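Each chain, written out:
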Amino acid sequence: MTKAIQIAIDGPAAAGKSTIAKIVAEKLGYIYIDTGAMYRAITLKALNEGINLGSNEEAGALLVKTEIDLIPVEGGQKVLLDGKDVSEEIRSQHVTKAVSQMAAHELVRKRMVELQQKLAEDRGVVMDGRDIGTHVLPGAALKVFMSATVEERARRRFEENKKRDILTPLVELQEEIAMRDKMDSEREVAPLKQAQDAVFLDTTPLTIAEAAEAILKLAQERLMA
Ligand code: CDP
Ligand code: CDP
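Under an unreviewed UniProt entry, the name given to the protein is Cytidylate kinase, and the source organism is Planococcus maritimus. Under the Subcellular location (unreviewed entry) heading, UniProt states for the protein: "Cytoplasm". The record held by UniProt for the protein lists under Sequence similarities (unreviewed entry) the comment "Belongs to the cytidylate kinase family. Type 1 subfamily."

Visitor: Pulling in residues and values, what's your account of the packing of helix α2 (residues 35-49) against helix α5 (residues 106-120)?
Guide: Packing of α2 against α5 brings their axes to within 11 Å, and their N-to-C directions diverge by 135°. Classified by the angle between their axes, α2 and α5 sit oblique to one another. As α2 packs across α5, the resulting crossing turns out to be right-handed. Where α2 approaches α5, its residues T35, M38, Y39 and I42 are matched on the opposing element by V108, R109, M112, L115 and Q116.

Visitor: Give a description of the packing of α2 against helix α4 (residues 93-103) that names residues and reports values.
Guide: Two elements in contact, α2 and α4, have axes separated by 8 Å at closest approach and are oriented at 105°. Here α2 is positioned roughly perpendicular relative to α4, judged by the angle of their axes. Where α2 approaches α4, its residues Y39, R40, I42, T43, L44, A46 and L47 are matched on the opposing element by H94, V95, T96, A98, V99, M102 and A103. Residues that form the contact of α2 with α4 fall into these classes: 10 nonpolar, three polar and one charged.

Visitor: Can you break down the packing of aromatic side chains residue by residue, with the values?
Guide: Summed over all chains, the structure comprises one aromatic pair. Both rings, one in F145 and one in F200, keep their centres 6.3 Å apart while their planes meet at 20°; by these two values the pair is stacked. A residue pair is termed long-range when its members are at least 10 positions apart, and F145 in strand β7 (residues 142-147) and F200 in strand β8 (residues 199-202) qualify at 55 residues. Overall, F145 belongs to the buried group, its relative accessible area being 11%.

Visitor: Describe the UniProt feature "binding site: ATP" (unreviewed entry) in the protein, and please don't skip the residues or the numbers.
Guide: Residues given the UniProt feature "binding site: ATP" (unreviewed entry) here are G11, P12, A13, A14, A15, G16, K17, S18 and T19. Within the element layout of this structure, A14 appears in the loop between β1 (6-10) and α1 (17-28). A relative accessible area of 11% means that A14 is categorised as buried. Setting aside its immediate chain neighbours within four residues, A14 contacts R153, R156, R157 and I177. With respect to the element layout, S18 can be found in helix α1. Among all residues touching S18, those that are not within four sequence positions of it are Y32 and D128.

Visitor: I'd like to hear about unusual backbone geometry, residue by residue, with values.
Guide: The phi dihedral of A14 falls on the positive side, at around 65°, and the residue is not glycine. One non-glycine residue, A190, adopts positive backbone phi at about 45°. By the secondary structure assignment, A190 is in the loop between α8 (170-186) and β8. Overall, the relative accessible area of 8% leaves A190 in the buried class.

Visitor: Help me get a handle on the nonpolar core, residues and values and all.
Guide: As a rule of thumb, nonpolar side chains are buried together in soluble globular proteins. Core analysis: the biggest nonpolar cluster contains 35 residues, and I42, I68, M102, M112 and L137 have the highest contact counts within it. Going through the elements one at a time, α2, α3 (56-64), β3 (68-73), β4 (76-81), α4, α5, β6 (125-129) and α6 (132-136) are the ones with two or more residues in this core. Top element by residues in this core is α2. It accounts for seven residues. Apart from residues lying up to four places away in sequence, I42 is in contact with L62, L63, T66, I68, M102, V108 and M112. I7, A15, Y30 and A212 belong to the second largest nonpolar core, which has 22 residues in total.

Visitor: Mind laying out the site of ligand 2, listing which residues take part and the relevant values?
Guide: In the region of ligand 2, 15 residues are neighbours, and A14, K17, S18, T19 and L206 sit closest. For ligand 2, an oxygen atom lies 3.0 Å from a polar atom in the backbone of G16. Within the backbone of S18, an N or O atom sits 2.8 Å from an oxygen atom of ligand 2. Burial of ligand 2 by the protein amounts to 84% of the accessible area it has alone, namely 540 Å². Of all the secondary structure elements, the ones that give two or more residues to the shell around ligand 2 are α1 and α7 (150-163).

Visitor: Tell me about the pairing of β3, and name the residues and values.
Guide: As judged from the six bridges shared by β3 and β4, these two strands associate in the antiparallel manner. Note that in β4 the partner of D69 across the bridge is L80.

Criteria and cut-off values
- Residues numbered from 1 in each chain as written.
- Chains lettered and ligands numbered in written order.
- Predicted model: local features only at pLDDT ≥ 70, side-chain atom pairs only at ≥ 80, totals over all residues.
- Heavy atoms only, no water.
- UniProt positions renumbered as here; feature names shortened; annotations may be inferred.
- Axes fitted to C-alpha atoms, helices over the stretch in contact; angles between N-to-C directions.
- Helix = DSSP H or I, 4+ residues; strand = E, 2+ residues; numbered from the N terminus.
- Parallel < 35°, antiparallel > 145°, perpendicular 65-115°, else oblique.
- Left-handed = near helix turned anticlockwise from the far one by under 90°.
- Contact = heavy atoms within 4.5 Å.
- Nonpolar A, V, L, I, M, F, W, Y, C, P; charged D, E, K, R; others polar.
- Phe/Tyr/Trp six-rings, centres within 6.5 Å; stacked < 30°, edge-to-face > 60°.
- Buried < 20%, exposed > 50% of the residue type's maximum accessible area, 1.4 Å probe, protein only.
- Core = buried A, V, L, I, M, F, W, Y, C linked by side-chain atoms within 4.5 Å.
- Near = heavy atom within 4 Å.
- Polar contact = N/O pair within 3.5 Å; in protein donor to acceptor, adjacent residues only side chain to side chain.
- Areas by Shrake-Rupley, 256 points an atom, 1.4 Å probe, with all protein chains shown as cover.
- Pairing = 2+ DSSP bridges.

Written out as structure tokens, the structure is:
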């Protein structure tokens, strides 16, 4: 049987994690799991149901009656919330602004980590998020902590939004990204942090292809080990 490894990619918002993780997964024939989409999906439901986003108990109770499924499709994944495709809706600014508050809750993280570990069981996987190398897949053969300057990350999100006719001003995007990074890094449960054994990759000067190539090279080294 061919050897397959787990690849964990963490880092702040808009560093290029999901774009590059998808390419790496496709090249290796692995599945790709976007854990941020799961936190976004439960946040969408919390907003729709009007629960108190600051309450760990309310968030936990909501999760118990929620089904989140990630369905691999060509070029990425589809996100189902209680059977409904919410892949687009979870990217709205409304959800983006609220997600870090929801993701800070212990009960939410516990359930998400269980689901994520189950999805990754016994297979080649590329998983991206904030706590993959530190908590979800601590034994991953390859861990990458990907970053870029906040200015470059905001610029990238701005360009991406333009293609989807979303016209949030650049300054507003930069503020939102910086605020989310701060909340994600400072929360008590599983904060955004580089794992000790992760390779740091600054994508600021890199094209998507160059960043994917760098990770594929590291993956090949691990596969040959
Ligand atoms: O795509 P972007 O980097 O903007 O965000 P994302 O990966 O979709 O993640 C959205 C939010 O979910 C993050 O800002 C975190 O608050 C949370 N998240 C997390 O706490 N842990 C993860 N493993 C993944 C995401
Ligand atoms: O998943 P994460 O939030 O870390 O970032 P992403 O959604 O993969 O990337 C944000 C945007 O930056 C996307 O539109 C990518 O195409 C773009 N990008 C880029 O222009 N150059 C890179 N080296 C990496 C990503």
